[in-house]
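# Remarks on the overall topology
Single-letter residue listing:
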Amino acid sequence: MDPVELFHQVAQTVPAYQAFLAEHRIAPQDVTTLQDFVRVPMTSKENYTRRHPLPDLCRNGVIGDIIAVSSGSTGVPSFWPRSADDERVIAARFEEVFRDSFDARERRTLAVVCFALGTWVGGLFTVNCCRHLAERGYPITVVAPGTDRREILRVIPELAPHFDQVVLLGYPPFLKNVIDTEDLPWADWNIRLVTAGEVFSEEWRSLVAQRAGIADPVKGIASLYGTADAGVLGNETPLSVELRRFLSARPDIARELFGESRLPTLVQYDPDVRFFEEHQGTLLFSGDNGIPLIRYHIADEGGVVPYDDLLGFARRHGFEPEAKGPERPFVYVFGRAHFTVSYYGANVYPENIAIGLEQPEVSGSVTGKFVMEVVEDAQRDRHLTITVELAPGEKPSDGTAQAVGESILAQLLRLNSEFANYVPASQQMPFIRLRETGDPEYFPPGAKHRYTR
């Protein structure tokens, strides 16, 4: 995609962007090179989309034919129109996953959409994109039980035997919950997973693959990087998963590449339809969507790595991936910084804690959900406190709490150099609180889970 050409299209056809440029005294005719383009002010929800009427944000002032709603972390709703043409572009990301990872051209596939249905972006958007693949000749049938776990577990045993494979699409912890809650013959149904919305560890990928009977985690589970603002921006490929699994086992090398003590989602994107930039450790993108966005600051922490740079980095560290393509750039995404907690000056990330719960010695006793917080006791001493949801049927015990604490601590010390060096050894062991499945205070059923307080 030529970002300068897109800039001029948007400047000519989108009333809100015309007003934005006038406010910043930018003459469109002065933007002729990429160097000019990257000096154009960034847009954001605060300075752009929330300041203009919805029609003015759309091409020629016309709202698209479907609207999704997002509330983000602030709780304030944002409206994101799109059209069928927008969805066809984004369906290419689904197509790449279904074709290259799942061989869905040759396999009769049942796509089970487990994202929330309604005004939110995930469910209906995914249904529509899967149906676009069916229009392109893929033998895909879609069923959409949404987040109704009972309905999911009702329809899969009935329908799965009629298909060569079953693809579950949903948020990572929810899909794990589904696979964990019933003793079903998952391995008989050739399960595949498409996830979005959260960073997960390679330990999580391996654990869930094992429980779902997925023989090859590299090609059996794929994550999408998507937003309500612009749909799917990038997707995991077998190449990106291979590279991430290599880095996961080598925290020092990963930290050298990403500059953090946590592993981001690593996806590839199509530069013909998205233009990414990195700004002070966060991401900007430009793209022609239902609301066309130019240099849009989405506030996700992450960065961009050219294809040759990342492959060269891996080779310098002795790794040659088996998957050779696609030869497209990579974008990595940590998520939002405010989901961390600070403890003795060290940033503790949810990703660090999650890996501790995914170790084989404790993973069978817990669901993987947790809440981390720093709690002050009566003496005003601060303690890293992790409230952990037990697996169905498990009861709290001192032995389980001790094993969970030791597993989390081992991973914190392995992965987080700040924690290992800043936190006094006597204060490093986290305080573990165990709660039964569905605890209404910490793990209410059906609510979108938050990992920090």
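Throughout what follows, the structure given in this document is the object of discussion. Small disclaimer: the values here were computed from a predicted structure and weren't measured.

Of the regular secondary structure elements, the protein holds 15 helices and 18 strands. The burial tally for the protein puts 55% of its 453 residues in the buried class. Taking as baseline every contact in the protein between residues at least 6 positions apart, the subset at least 24 positions apart corresponds to 70%. Summing over all exposed atoms, the protein offers an accessible surface of approximately 19200 Å²; the carbon and sulfur share of this is 49%. Side chains of the protein give 45 positive and 62 negative charges; the mean places of these two sets differ by 2 Å.

Our focus in this paragraph is the sheet that holds strand β17 (residues 382-390). Pairing is mixed in the open sheet, where three strands are placed in the order β16-β17-β18. Taken across any chain shown, the strands that pair with only one partner, and hence form the sheet edges, are β16 (366-376) and β18 (431-435). Taking the axes of each pair of neighbouring strands and ignoring which way they run, one obtains an average angle of 25° across the sheet. Pairing analysis gives five bridges linking β17 to β18, with the strands arranged parallel. In the strand pairing of β18, Thr387 is matched with Arg433. In this fold helix α13 (residues 350-357) packs onto β16 and β17, with an angle of close to 130° to the strand it touches most, β16.

Let us look at the pairing of strand β4 (residues 140-143). Here strand β3 (residues 109-113) runs beside β4; their pairing, made up of four bridges, is parallel. Across the sheet, Leu110 pairs through a bridge with Thr141, a residue of β4. Viewed along the sheet, the connection from β3 through helix α5 (residues 121-135) into β4 turns out right-handed.

For the structure on display, the rule yields 30 salt bridges. Linking Asp85 and Arg88 is a salt bridge whose minimum nitrogen-to-oxygen distance equals 2.9 Å. You can see Asp85 and its partner Arg88 sitting in helix α4 (residues 84-101), three residues apart, about one turn around the helix. Take Arg88: its relative accessible area is 38%, and that puts it in the partly exposed class. Its salt-bridge partner being Glu202, residue Arg205 comes within 2.8 Å of it at the nearest N-O pair. You can see Arg205 and its partner Glu202 sitting in helix α8 (residues 202-212), three residues apart, about one turn around the helix. Each member of the pair, Arg205 together with Glu202, is buried. Connected via shared salt-bridge partners are Glu202, Arg205, Glu236, Arg244 and Arg245.

It is the contact of α4 with α5, at a shortest axis distance of 8 Å, that shows an interaxial angle of 75°. What the angle tells us is that α4 and α5 run roughly perpendicular. Where α4 approaches α5, its residues Ala84, Glu87, Arg88, Ile90, Ala91, Phe94, Glu95 and Phe98 are matched on the opposing element by Phe125, Thr126, Asn128, Cys129, Cys130, His132 and Leu133. Of the residues contributing to the contact of α4 with α5, the split by class is nine nonpolar, three polar and three charged.

Counting residues in hydrophobic clusters, the biggest one holds 60 residues, and the most contacted among them are Tyr17, Phe94, Phe98, Leu169 and Tyr225. In contact with Phe94, other than residues within four places in its own chain, are Phe125, Thr126, Cys129, Leu133, Leu169, Leu224 and Val232. Counting 28 residues, the second largest nonpolar core, distinct from the first, contains Val143, Leu168, Ala209 and Ala212.

One can describe the packing of helix α10 (residues 238-248) onto helix α11 (residues 251-258) by two numbers: an axis separation of 7 Å at closest approach and a directional angle of 120°. Taken as axis vectors, α10 and α11 run oblique relative to one another. Contact residues: Phe246, Leu247 and Ser248 in α10; Pro251, Ile253, Ala254, Leu257 and Phe258 in α11. Within the contact of α10 with α11, the residues separate by chemical class into seven nonpolar, one polar and no charged.

A cis amide bond links Gly325 to the next residue, Pro326, at an omega of 0°. Counting through the fold element by element, Pro326 comes out in the loop between α12 (307-316) and β13 (330-335). Although it is not a glycine, Asn60 sits at a positive phi angle of roughly 55°. Tracing the backbone through its elements, the reader meets Asn60 in the loop between α3 (34-37) and β1 (66-70).

Mapped onto the fold, Thr126 is located in helix α5. With relative accessibility at 4%, the residue Thr126 sits in the buried group. Excluding residues that lie within four positions of it along the chain, Thr126 makes contacts with Phe94, Val113, Phe115 and Leu169.

This part covers the packing of aromatic side chains. The tally for this structure, following the rule as stated, stands at 21 aromatic pairs. With a centroid separation of 6.0 Å and an interplanar angle of 90°, the aromatic rings of Tyr17 and Tyr48 are classed as edge-to-face. Here the residue Tyr17 occupies a position in helix α2 (residues 15-23), and Tyr48 occupies one in the loop between α3 and β1, the gap between them amounting to 31 residues. Each of the two residues, Tyr17 as well as Tyr48, counts as buried. Ring geometry for Tyr269 and Phe276: centres 4.7 Å apart, planes at 70°, overall edge-to-face. Using a relative accessible area of 6% as the deciding quantity, one classes Tyr269 as buried. For Phe276, a relative accessible area of 6% gives the class buried.

A word on a nonpolar patch on the surface. A cluster of nonpolar side chains, Ile63, Ile67 and Phe79, forms an exposed patch at the surface whose accessible area comes to about 250 Å². Relative to the elements of secondary structure, Ile63 occurs in the loop between α3 and β1. A relative accessible area of 33% places Ile63 in the partly exposed class.

Cut-offs and rules
- Within any chain, residue numbers begin from 1 and follow the written order of that chain's sequence.
- Confidence filtering applies because this is a predicted model: local features only for residues at pLDDT of at least 70, side-chain atom pairs given and counted only at 80 or more, and all residues used for totals across whole chains, interfaces and linings.
- Just so you know, side-chain values use all the structure's heavy atoms and leave hydrogens and water out.
- A helix here means a DSSP run of H or I that spans at least four residues, while a strand means a run of E at least two residues long, and both kinds are numbered starting from the N terminus.
- Partly exposed describes any residue whose relative accessible area lies between the buried limit of under 20% and the exposed limit of over 50%, with all areas from a 1.4 Å probe on protein chains only and scaled to the type maximum.
- Contacts between residues were defined by any pair of non-hydrogen atoms, one from each residue, lying within 4.5 Å.
- All accessible-area figures derive from a Shrake-Rupley calculation using a 1.4 Å probe, and residue coverage is judged against the displayed protein chains alone.
- Two residue types count as positive, namely Lys and Arg, and two as negative, namely Asp and Glu; His and chain ends fall outside the count.
- We put the charge of a Lys on NZ, of an Arg on CZ, of an Asp on CG and of a Glu on CD.
- Between any two strands, pairing holds if DSSP finds at least two bridges.
- Fitting a line to C-alpha atoms yields each axis, with helices limited to the stretch in contact; the angle taken between N-to-C directions then spans 0 to 180 degrees.
- Handedness of a crossover is defined as follows: with both strands directed away from the viewer, a clockwise route from the first strand across the helix to the second makes it right-handed.
- Take a side-chain nitrogen of Lys or Arg and a carboxyl oxygen of Asp or Glu: if they are within 4 Å of each other, that pair is a salt bridge.
- For classification purposes, an angle smaller than 35 degrees is called roughly parallel, one larger than 145 roughly antiparallel, one from 65 to 115 roughly perpendicular, and anything else oblique.
- Residue polarity is assigned by list, with Asp, Glu, Lys and Arg as charged and Ala, Val, Leu, Ile, Met, Phe, Trp, Tyr, Cys and Pro as nonpolar; anything else, Gly included, falls into the polar class.
- Definition used in this section: a nonpolar core is a set of buried Ala, Val, Leu, Ile, Met, Phe, Trp, Tyr and Cys residues joined via side-chain atoms within 4.5 Å.
- Working definition: a ring pair exists when centres of Phe, Tyr or Trp rings (six-membered ring for Trp) sit within 6.5 Å. Plane angles under 30 degrees give stacked, over 60 give edge-to-face, the rest tilted.
- To count toward a patch, a residue needs a relative accessible area over 30% and no salt bridge; like charges are then connected within 9 Å, while nonpolar side chains (Val, Leu, Ile, Met, Phe, Trp, Tyr) are connected within 5 Å.

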